[in-house]
Amino acid sequence: MEHTFFEAPEYPVLDRFKKCAVIFVKQAIGLLVVLLLVRIAEIGFESYALKPKESLIVLIIEGLIYTSIYFLKALPFLFLISLVFFFSNFGETTLKICNFVVFSIFLSFEIVLAKYFFSTKTLLGAEVLTNAPSLIAKLFSVDVYWLAANVAALVLLWFAMHFAKSIEFVDSVYALSIIGVGIILLFFGISALPNDDGTENFKIKVSKSAYVVDKVYSDLFDKEPVVDIYDQNYFD
């Protein structure tokens, strides 16, 4: 059944904004649940293959904490996309499908990078900008296990988003507060990466999508300018 506010354009913009936030955060909770399940499975497989020194429980706990930070930092951007869909006056089902597509891309990004790491034992970073053509074949090579993981994750995501609408404690204050936390994390530059100790522990517990996003951002925006000390204007 369609929610009545989808059929009532007389709602003020602010009121509609709040309602969009409530729907989005409920569905995003479903995304978070599936993302954390994917990370648990990912950490488990990688720990079995790499035999790290740190215990599996510790790796999972730390991995989930940093993955949650990454998720919260991504939330404001995902919300902006959802706002565009919402104010396009789509029905509830169409809005859910649109959000599902965006969430699926977000989730599949983690899965495909985990597949890349599992096959190469290296983290994909800023080289994605310079070696994109050669990396595409490795990232999207057909693998029955990767396909099965994607299908299972997306099916779980659809059902998680479906049942998330029944979460009653999420009101507009709660929803906007959660999105606000993501904005605060972005503003203060809170890292979604654990401390890189140079061991297999870091490679296992770090979110592969958080890692590549961080490295690409650093490569594009955090580069120190190249200074030529012999330039005649250097001392000006």
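Residues numbered from 1 in each chain as written. Predicted model: local features only at pLDDT ≥ 70, side-chain atom pairs only at ≥ 80, totals over all residues. Heavy atoms only, no water.

**Focus on the overall build of the protein**
Okay, step 1: For the protein, the count of helices and strands is eight helices and zero strands.
Okay, step 2: Counting from the amino terminus, helix and strand elements in the protein follow one another as α-α-α-α-α-α-α-α.
Okay, step 3: When burial is assessed residue by residue, the protein has 42% of its 236 residues classed as buried.
Okay, step 4: At a minimum sequence separation of 6, the contacts of the protein that also span at least 24 residues come to 81%.
Okay, step 5: For the protein, the computed accessible surface area is about 13,600 Å², with 69% contributed by carbon and sulfur atoms. (Helix = DSSP H or I, 4+ residues; strand = E, 2+ residues; numbered from the N terminus. Buried < 20%, exposed > 50% of the residue type's maximum accessible area, 1.4 Å probe, protein only. Contact = heavy atoms within 4.5 Å. Areas by Shrake-Rupley, 256 points an atom, 1.4 Å probe, with all protein chains shown as cover.)

**Points about the nonpolar core**
As a rule of thumb, soluble globular proteins bury nonpolar side chains together.
Okay, step 1: Counting residues in each nonpolar core, the largest one holds 62 residues, and the members touching the most others are F24, L31, F71, F103, F106, L107 and L157.
Okay, step 2: For L107, the residues in contact, after removing those within four places along its chain, are L31, V34, L35, V38, A153, L154 and L157. (Core = buried A, V, L, I, M, F, W, Y, C linked by side-chain atoms within 4.5 Å.)

**Concerning the packing of aromatic side chains**
Each aromatic ring pair is summarised here by two numbers: the centre-to-centre distance and the angle between the ring planes.
Okay, step 1: Under the definition given, this model contains 10 aromatic pairs.
Okay, step 2: An angle of 50 degrees between the planes, with centres 5.3 Å apart, marks the rings of F24 and F79 as tilted. In this pair, F24 is assigned in helix α1 (residues 13–50) and F79 in helix α2 (residues 56–86), connecting sequence segments 55 residues apart. No difference in accessibility class separates F24 from F79, as the two residues are buried.
Okay, step 3: Residues F86 and F87 carry aromatic rings whose centres are separated by 5.6 Å and whose planes lie at 75 degrees to one another, so their mutual orientation is edge-to-face.
Okay, step 4: Grouped by ring-pair contacts, the aromatic residues F17, F24, F79 and F103 constitute a single cluster.
Okay, step 5: Across from the ring centre of F87, 5.3 Å away, lies the NZ or CZ of R16, which sits over that ring.
Okay, step 6: A cation sits over an aromatic face here: K115 above W146, 5.9 Å from the ring centre. (Phe/Tyr/Trp six-rings, centres within 6.5 Å; stacked < 30°, edge-to-face > 60°. Lys NZ or Arg CZ within 6 Å of the ring centre and 35° of its normal.)

**Comments concerning unusual backbone geometry**
Okay, step 1: A positive phi angle, near 55 degrees, is found at K51, a position not held by glycine.
Okay, step 2: Relative to the assigned elements, K51 resides in the loop between α1 and α2.
Okay, step 3: A residue is classified by how much of its surface remains accessible, and K51, at 56% relative accessible area, is exposed.
Okay, step 4: We note that K121 has phi near 60 degrees; this positive angle belongs to a residue other than glycine.
Okay, step 5: With respect to the helices and strands, the residue K121 is situated in the loop between α3 (92–120) and α4 (132–139).

**Digging into the pattern of salt bridges**
In a structure, side chains of opposite charge can pair up when their charged atoms sit close to one another.
Okay, step 1: Under the definition given, this model contains five salt bridges.
Okay, step 2: One salt bridge in this structure joins R39 and E42, with 3.0 Å as the shortest N-O distance. Here the residue R39 and the residue E42 both occupy positions in helix α1, the gap between them amounting to three residues, near one helical turn.
Okay, step 3: For E42, a relative accessible area of 7% corresponds to the buried category.
Okay, step 4: Residues K205 and E54 are paired through a salt bridge, measuring 3.7 Å at the closest nitrogen-oxygen approach. With a gap of 151 residues between them, K205 in helix α7 (residues 200–205) and E54 in the loop between α1 and α2 connect regions that are remote in the sequence. (Salt bridge = Lys/Arg side-chain N within 4 Å of Asp/Glu carboxyl O.)

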